[in-house]
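Structure assessment
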Amino acid sequence: MFTIAKIDTLHSKVKSGADFPDYIHQLKQLGVTSFETWVKDSHTEYFGAIDFHIQSAPKYELLTIANSSNKEQFTHDLKIHQKGETDYITFCHDCATSGIERWFVNLEKMTCTYYDKANTEVLVELVPGIV
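What comes next concerns the included structure. Owing to the predicted nature of the structure, the values given are computational and were not obtained by experimental measurement.

Rules and cut-offs
- Residues numbered from 1 in each chain as written.
- Predicted model: local features only at pLDDT ≥ 70, side-chain atom pairs only at ≥ 80, totals over all residues.
- Heavy atoms only, no water.
- 1 Å grid on protein atoms, 1.4 Å probe; cavity = no way out; pocket = protein on both sides within 12 Å on 5 of 7 lines; lining within 4 Å.
- Points joined across faces, edges and corners; volume = space filled by probe spheres on them.
- Helix = DSSP H or I, 4+ residues; strand = E, 2+ residues; numbered from the N terminus.
- Phe/Tyr/Trp six-rings, centres within 6.5 Å; stacked < 30°, edge-to-face > 60°.
- Buried < 20%, exposed > 50% of the residue type's maximum accessible area, 1.4 Å probe, protein only.
- Core = buried A, V, L, I, M, F, W, Y, C linked by side-chain atoms within 4.5 Å.
- Contact = heavy atoms within 4.5 Å.
- Salt bridge = Lys/Arg side-chain N within 4 Å of Asp/Glu carboxyl O.

**Comments concerning the layout of surface pockets**
Considering only enclosed or pocket space, the largest pocket measures out at about 350 Å³ in volume. As for the largest pocket, its lining consists of 28 residues, and the residues nearest its centre are Phe20, His81, Tyr88, Phe91 and Trp103. Listing elements by their share of the lining of the largest pocket, those giving two or more residues are α1 (4–11), α2 (20–30), β1 (34–38), β2 (44–47), α3 (71–82), α4 (88–97), β5 (111–116) and β6 (121–126).

In structure tokens, the structure reads:
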């Protein structure tokens, strides 16, 4: 089964959102079926077969998440991140400012869903495939 060390090795290669599709492909190869990342500190819970799950440690000091979401601003910030124009920590700060509390990636459906503090789906997108 997968470990946090193996996932961290894969994640260390991700420099921007442009690297996300390849990262997702590699996670699937490890046996990850889904994961949920919390913007406040970037800890992530990874799920696999037969109820297997592990959780990573926080990656940075706590961020304050805005109480209400701003979908337009978030969508803009996400698009520039996906183009490789921002790094991960900048994207997390942008998420916090736009009221994004967490995201959930379903590797079977290949979706990434972003939620606000009220547990409202702010945006659902398909994870791009590997070219």
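**A closer look at the packing of aromatic side chains**
Going through the model one piece at a time under the given rule, you end up with 8 aromatic pairs. With a centroid separation of 6.3 Å and 40° between ring planes, the pair formed by Phe74 and Phe91 is classed as tilted. Residue Phe74 is found in helix α3, and its partner Phe91 is found in helix α4; the two are separated by 17 residues along the sequence. With relative accessibility at 0%, the residue Phe74 sits in the buried group. Residue classification places Phe91 among the buried positions, given a relative accessible area of 4%.

**A few points about the nonpolar core**
The biggest cluster of nonpolar side chains holds 31 residues, and the ones touching the most others in it are Tyr23, Leu27, Phe35, Val39, Trp103 and Tyr114. Elements supplying a minimum of two residues to this core: α1, α2, α3, α4, β4 (100–106), β5 and β6. The element contributing the most residues to this core is α4, with 5 residues. Once residues lying within four places of it in the same chain are set aside, the contact partners of Leu27 are Ile7, Leu10, Val32, Phe35 and Leu107.

**Side note on the pattern of salt bridges**
Applying the stated rule across the entire model yields 2 salt bridges. Its salt-bridge partner being Glu36, residue Arg102 comes within 2.5 Å of it at the nearest N-O pair. Of this pair, Arg102 sits in strand β4 while Glu36 sits in strand β1, and the two are 66 residues apart along the sequence. Overall, Arg102 belongs to the buried group, its relative accessible area being 9%.

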